[in-house]
Amino acid sequence: MLGLRYFACAGCETVFALPEAESRCPRCDAAGLEEITDRLDGDVYFTRSTAPGTR
Ligand SMILES: [Zn+2]
């Protein structure tokens, strides 16, 4: 892990990989980025090499 966290902007629907939380969207300046790190961590798209139950 690189220590990046993932945030989705409700305004432009862009997902950002950031080292820490930002208060505003870097792209459209909308407030309220939603952290989706946990959601992505449980997604097979990002954890394809880790089979369930092998942690
Ligand atoms: Zn945005």
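Quick note: structure is the one above.
## Remarks on the coordination of the zinc ion
Protein coordination at the zinc ion comes from C9 (SG), C12 (SG), C25 (SG) and C28 (SG), with a distance range of 2.2 to 2.3 Å. With 4 donor atoms in place around the zinc ion and angles of 105 to 115° between them, the coordination shape is tetrahedral. Written as a sequence motif, the donor residues of the zinc ion are C-x2-C-x12-C-x2-C. Here C12 is found in the loop between β1 (5-8) and β2 (15-18), whereas its partner C28 is found in the loop between β2 and β3 (34-35), with 16 residues between them in sequence. Judged by relative accessible area, which is 34%, C28 ranks as partly exposed.

## Some thoughts on the nonpolar core
F7, C9, F16, L18, C25 and L33 form the largest nonpolar core, which has 6 residues in total. Filtering out sequence-adjacent residues up to four positions away, L33 remains in contact with F7, A8, C9, L18, E22, R24, C25 and P26.

## Some remarks on the sheet that holds β2
Sheet architecture is open: 3 strands sit in the order β2-β1-β3, paired in antiparallel fashion. Since the sheet does not close on itself, it has two edges, and those belong to β2 and β3, each with one partner.

## Description of the pairing of β2
What you see with β2 is a clean split: F16 and L18 sit on the buried side and V15 and A17 on the side with no burial. Note: β1 against β2, 4 bridges, orientation antiparallel. Paired with R5 across the two strands is L18, which belongs to β2. The antiparallel pairing of β1 with β2 creates a hairpin that spans 6 residues between the two strands, and E13 there sits at a positive phi of about 60°.

Cut-offs applied
Residues numbered from 1 in each chain as written. Predicted model: local features only at pLDDT ≥ 70, side-chain atom pairs only at ≥ 80, totals over all residues. Heavy atoms only, no water. Donors = N, O, S within 2.8 Å, 3.2 Å for Na, K, Ca; no water. Tetrahedral: all angles 85-135°; square planar, octahedral: opposite > 155°, others 65-115°. Helix = DSSP H or I, 4+ residues; strand = E, 2+ residues; numbered from the N terminus. Buried < 20%, exposed > 50% of the residue type's maximum accessible area, 1.4 Å probe, protein only. Core = buried A, V, L, I, M, F, W, Y, C linked by side-chain atoms within 4.5 Å. Contact = heavy atoms within 4.5 Å. Pairing = 2+ DSSP bridges.

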